[in-house]
Amino acid sequence: MQKDRHSKIEKIGHHIPEFPGYRAVNFDETDRQLRHFLHRRLDEIRDDLRESIEGLPSGGAPRQALGDCLRQLEEIGKRLEEPLSPQTEASATRDQEEALLDFDLNLLDKTAALSTAVGDISRLGGGPATQTLLTSLIEDLEDLLHQRAKIVETL
């Protein structure tokens, strides 16, 4: 398990330099680093989505549906700005850290998939398949963040 922990921290470290894990330093600082990174990535994705929406015909159903996705991403971004843990001295056990690292990796994968899907809008348009994919990815992202918050609350 320890070897697996290090490889997960290393993978996250490719996105968040010097990511220490949840047992190496103060938990709140590590949590803040992850949330800050995700917030920045979602800002970039929202900007790309906004530009894609502006390129679609006005008044159409794709524009409306993708606008709803944009609003959902803005809400997620607002939640990422707030610390999950009210505690300042929280620390994670090995099992809790392992679970958080898994969620972190999944969150990074979801944001990458979301970025790719948004990038495809200008190429493929904002039709029903794109709308369904974006909605699904956003729902998955929200679900992962909600489940991760539950783990953090137990610390």
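The coordinates are above.
So, how was this worked out
- Every residue gets a number counted from 1 within its own chain, in the order that chain's sequence is written.
- A pLDDT threshold of at least 70 governs which residues receive local features in this predicted model, and a stricter bar of 80 or more applies before side-chain atom pairs are shown or counted, although totals over entire chains, interfaces and linings include all residues.
- As a rule here, side-chain values come from all non-hydrogen atoms in the structure, and water together with hydrogens is ignored.
- We define a salt bridge as a contact between a side-chain nitrogen of Lys or Arg and a carboxyl oxygen of Asp or Glu at a distance within 4 Å.
- In DSSP terms, a helix is any run of H or I states spanning at least four residues, a strand is any run of E spanning at least two, and both are numbered starting from the N terminus.
- Relative accessibility under 20% of the residue-type maximum defines a buried residue, over 50% an exposed one, and the middle range a partly exposed one, all with a 1.4 Å probe and only protein chains included.
- Working rule for helices: expected span equals 1.5 Å times residues minus one.
- Convention adopted: a line fitted to C-alpha atoms gives each axis, helices being fitted over their contacting stretch, and angles between N-to-C directions are expressed from 0 to 180 degrees.
- Every angle not falling under 35 degrees, over 145, or within 65 to 115 is termed oblique; those three ranges are roughly parallel, roughly antiparallel and roughly perpendicular.
- Crossing handedness: left-handed means the near helix sits turned counterclockwise from the far one by under a right angle, and right-handed means the same turn made clockwise.
- Any residue that is not Ala, Val, Leu, Ile, Met, Phe, Trp, Tyr, Cys, Pro, Asp, Glu, Lys or Arg is counted as polar, Gly included; the first ten are nonpolar and the last four charged.
- Working rule for contacts: check all heavy atoms of both residues, and any pair within 4.5 Å makes them a contact.

Draft legend 1. Structural view of the pattern of salt bridges. By the definition in use, this model includes 13 salt bridges. Note that D31 and R35 form a salt bridge whose closest N and O atoms lie 2.9 Å from each other. Taken together, the positions of D31 and R35, both in helix α2 (residues 27-54) and four residues apart, correspond to about one turn of that helix. Summarising the burial analysis for this pair, D31 and R35 share the class buried. A salt bridge links R41 to E44, with the shortest nitrogen-to-oxygen separation between them at 2.5 Å. Here R41 and its partner E44 are both found in helix α2, three residues apart, which amounts to about one turn of the helix. The buried category is assigned to R41, whose relative accessible area is 19%. Salt bridges here are not isolated pairs; linked through shared partners, they connect D31, R35, D104 and R148.

Draft legend 2. Layout of helix α3 (residues 61-81). In a regular helix each residue adds 1.5 Å, so 21 residues correspond to 30 Å; α3 covers 31 Å between its end C-alpha atoms and thus fits that length. Those residues of α3 that sit buried are A65, L66, G67, C69, L70, L73, I76, G77 and L80.

Draft legend 3. View of the packing of helix α4 (residues 94-124) against helix α5 (residues 128-153). Running from N to C, α4 and α5 point in directions that differ by 160 degrees, and their axes come no closer than 10 Å. Relative to α5, α4 is oriented roughly antiparallel. Between α4 and α5 lies a crossing whose hand is left-handed. Looking at the contact of α4 with α5 residue by residue, the classes come out as 18 nonpolar, five polar and four charged.

Draft legend 4. Summary view of the packing of α3 against α5. At a minimum axis distance of 10 Å, the contact between α3 and α5 shows a crossing angle of 15 degrees. As summarised for this structure, α3 and α5 are arranged roughly parallel, according to the angle between their axes. For the pair α3 and α5, the sense of crossing is left-handed. Between α3 and α5, the contacting residues are A61, P62, A65, L66, C69, Q72, L73, I76, R79 and L80 on the first element and Q131, L134, T135, I138, L141, E142 and L145 on the second. When its residues are assigned to classes, the contact of α3 with α5 shows 12 nonpolar, three polar and two charged.

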